[in-house]
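Examining the three-dimensional arrangement
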Amino acid sequence: MDLKYKTILIQGALDIEIEYLVDQLLNKEKKIIAGYEFYIGIINNLQIIISKTLVGVINSTTATTIGIISFKPDMIINQGIAGSHKKDIHIGDIIIGKNCRNINSYSMPT
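Residues numbered from 1 in each chain as written. Predicted model: local features only at pLDDT ≥ 70, side-chain atom pairs only at ≥ 80, totals over all residues. Heavy atoms only, no water.

With respect to the side chain of Ser 51
Within the secondary structure, Ser 51 is located in strand β4 (residues 46–52). Excluding anything up to four places from it in sequence, Ser 51 contacts Leu 9, Ile 10, Gln 11, Gly 12, Ile 18, Glu 37, Phe 38 and Ala 63. (Helix = DSSP H or I, 4+ residues; strand = E, 2+ residues; numbered from the N terminus. Contact = heavy atoms within 4.5 Å.)

So, in structure tokens, the structure goes:
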């Protein structure tokens, strides 16, 4: 099978966000790098790395950087429950954003 993407890094902050995918991995191997958990395995003939990033921008940035350096993925998917921002979002729903905002650029009025 010749697929465009051969190694995919999938990220989630919490166990509930990654446990289903981790359970789907064949030939599963767990690696802890600098305190971050990575699960390596196969799904549908693709090498999948599942990263538990922990909560927060710094943790997710650190886990992403470690994932890129360590595994050199062809694609990165960051998924999760979006902090449960809406009551009508459920586990398994797919939300595709129209745009992105850097919340770190906002500041409180003085």
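Brief notes about a nonpolar patch on the surface
A cluster of nonpolar side chains, contributed by Leu 14, Ile 16 and Val 55, occupies part of the molecular surface with about 260 Å² of accessible area. With respect to the helices, strands and loops of the structure, Leu 14 is situated in the loop between β1 (7–12) and α1 (15–24). You can call Leu 14 partly exposed: its relative accessible area is 35%. (Patch = residues over 30% accessible without salt bridge, like charges linked within 9 Å, V, L, I, M, F, W, Y side chains within 5 Å. Areas by Shrake-Rupley, 256 points an atom, 1.4 Å probe, with all protein chains shown as cover. Salt bridge = Lys/Arg side-chain N within 4 Å of Asp/Glu carboxyl O. Buried < 20%, exposed > 50% of the residue type's maximum accessible area, 1.4 Å probe, protein only.)

As for the packing of aromatic side chains
If you walk through the whole model with that rule in mind, you get one aromatic pair. Considering the side-chain rings of Phe 38 and Phe 71, the 5.3 Å spacing of their centres and the 50° angle between planes classify their relative orientation as tilted. Note that Phe 38 is positioned in strand β3 (residues 36–43) and Phe 71 in helix α2 (residues 57–71), a separation of 33 residues in sequence. Assigned by exposure class, Phe 38 and Phe 71 land together as buried. (Phe/Tyr/Trp six-rings, centres within 6.5 Å; stacked < 30°, edge-to-face > 60°.)

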